[in-house]
Amino acid sequence: MQAALEITARYCGRELDQYGQCVSAKPESWQRDCHHLKMSIARCTSSHPIIRQIRQACAEPFEAFEECLRQNEAAVGNCAEHIHRFLQCAEQVQLPPSPKAEAQPLPAS
């Protein structure tokens, strides 16, 4: 969870901040009143190119981390190495370079 939150904060920080402010401002009704902001975080994380790339490239260390959490519910600190591996993987992920339009030569006059 911490690893996912760190990635989300890095790439969808604005959405996360807005949601946090809403939750703080509406302690009695945040689940209803802030739902639309929670959904904006979900949209950001599912559409952000780098997060999609991380999900694909780092699926194995993330799944190992999730499995560790399931096996160590009472002692999640035992999964620190798994978190570290996932974050290391995520740090290495880069978007592939976007294809740049080739400069077209001007026609000879």
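Above this text you will find the structure in question.
So, a few notes on the structure that sits alongside this text. (Residues numbered from 1 in each chain as written. Predicted model: local features only at pLDDT ≥ 70, side-chain atom pairs only at ≥ 80, totals over all residues. Heavy atoms only, no water.)

Quick look at the state of the cysteines
Evaluation of the coordinates by the stated rule reveals four disulfides. A sulfur-sulfur separation of 1.9 Å characterises the disulfide bridge that pairs Cys12 with Cys44. Judged by the sign of its S-S torsion, about -85 degrees, the bond between Cys12 and Cys44 is left-handed. Residue Cys12 is found in the loop between α1 (2-11) and α2 (13-25), and its partner Cys44 is found in helix α4 (residues 35-47); the two are separated by 32 residues along the sequence. (Disulfide = S-S within 2.5 Å. Helix = DSSP H or I, 4+ residues; strand = E, 2+ residues; numbered from the N terminus.)

Quick word on the side chain of Thr45
Within the secondary structure, Thr45 is located in helix α4. Classification of Thr45 by relative accessible area gives buried; the value is 12%. (Buried < 20%, exposed > 50% of the residue type's maximum accessible area, 1.4 Å probe, protein only.)

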